[in-house]
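# Topology and contacts: notes
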Amino acid sequence: CPAALPPRWASVPRRDRARAAVFARWISSAAWCDHVPPGWALLPVPLGPSSQGAARVVKQLKCEGVTYSYPGGAPVVDGASLTVERGELLCIIGPNGAGKSTLLKSMAGLLSVDEGAITVDGLAVSSLGPRERARTLALVPQFLDAIPPLSVGNFVMGGRYGHLDSWRRADAADCEAVTGALLAAHVTELGERLLGELSGGQRQRVLIARALAQAAGYLLVEEPTSSLDPEHQLGVFSLLRELAESG
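Now for a description of the structure that goes with this document. (Residues numbered from 1 in each chain as written. Predicted model: local features only at pLDDT ≥ 70, side-chain atom pairs only at ≥ 80, totals over all residues. Heavy atoms only, no water.)

## Describing the side chain of K100
Its location among the elements puts K100 in helix α2 (residues 100-107). No salt bridge is formed by the buried K100; its nearest oppositely charged neighbour, E223, is found at 4.8 Å. Apart from the residues within four sequence positions on either side, K100 is in contact with I92, I93, G94 and P95. (Helix = DSSP H or I, 4+ residues; strand = E, 2+ residues; numbered from the N terminus. Buried < 20%, exposed > 50% of the residue type's maximum accessible area, 1.4 Å probe, protein only. Lys, Arg positive; Asp, Glu negative; His and termini not counted. Salt bridge = Lys/Arg side-chain N within 4 Å of Asp/Glu carboxyl O. Contact = heavy atoms within 4.5 Å.)

## A closer look at the pattern of salt bridges
Overall, the coordinates contain 3 salt bridges when judged by the stated rule. Of the charged contacts in the structure, one is a salt bridge between E197 and R193, with a shortest N-O distance of 3.2 Å. For E197, a relative accessible area of 46% puts it in the partly exposed group. Overall, the relative accessible area of 30% leaves R193 in the partly exposed class.

## A word on the packing of helix α6 (residues 200-214) against helix α7 (residues 230-245)
Close contact between α6 and α7 brings their axes to 12 Å; oriented N to C, the two are set at 15°. The angle between the axes of α6 and α7 places the two elements in the roughly parallel class. In this structure, the crossing between α6 and α7 has a hand that is left-handed. Across from R205, I208 and L212 in α6, the residues of α7 making contact are H232, V236, L239 and L243. Looking at the contact of α6 with α7 residue by residue, the classes come out as 5 nonpolar, 1 polar and 1 charged. (Axes fitted to C-alpha atoms, helices over the stretch in contact; angles between N-to-C directions. Parallel < 35°, antiparallel > 145°, perpendicular 65-115°, else oblique. Left-handed = near helix turned anticlockwise from the far one by under 90°. Nonpolar A, V, L, I, M, F, W, Y, C, P; charged D, E, K, R; others polar.)

Any link to function would need more than the numbers given here.
Below you can see the structure in the form of structure tokens.
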């Protein structure tokens with residue numbers, strides 16, 4: 001990170017200095033940042049991509065007649081069709097086992113559908129390369145299948161995968177995107193903690209932060225408030241509404 005603070009950064013109010021100091025120590029020791037002046041911390045910034053990979057500006061995400069069956073079973077998703085326009089907040093509601101999670105994973109390109117098509121602006125999601133897909137669609141799963149031995153900061157930085165190449169180390173833009181994502185998800189104070197040390201609700205907010213750091217065109221969220229207390233449930237819904245309204 002730059003040694004001199006850009007104008008869009010600002011000092012943290014005195015009452016927040018303790019938290020800022022913890023985060024400043026973490027981020028100044030990270031491999032991708034070289035310096036954060038004492039007593040300063042990064043404040044929310046636009047969750048934009050680095051110059052190495054622009055986020056796809058998606059105008060429409062569309063499912064047409066999507067059917068998916070797990071091996072040896074009946075269709076879990078059967079002929080589903082929907083269209084999501086840019087800036088729209090759409091909720092998929094149904095009972096347990098109705099196929100909501102399977103549909104979201106299919107939309108994210110994690111499952112190959114048996115029938116039908118899933119497209120972004122007319123392009124099949126299945127035709128996108130891994131990095132381009134990461135810049136187009138971000139999925140927040142309900143939980144992690146396995147908990148990696150990583151700090152929260154390093155895990156959220158992994159969301160920048162789509163904006164990096166094999167040889168480029170993360171730069172100041174990536175650092176700012178991660179900082180903004182941590183703050184937006186209210187997990188800044190967890191930056192140095194290991195994922196395995198967190199509660200279920202805290203990990204859920206970290207998953208949201210990682211998806212925000214992706215800066216993708218569409219955010220697919222699977223039951224984001226299932227492990228959260230009422231205060232953070234309201235915060236997540238407000239954040240999703242703000243993201244949709246901002247396009």
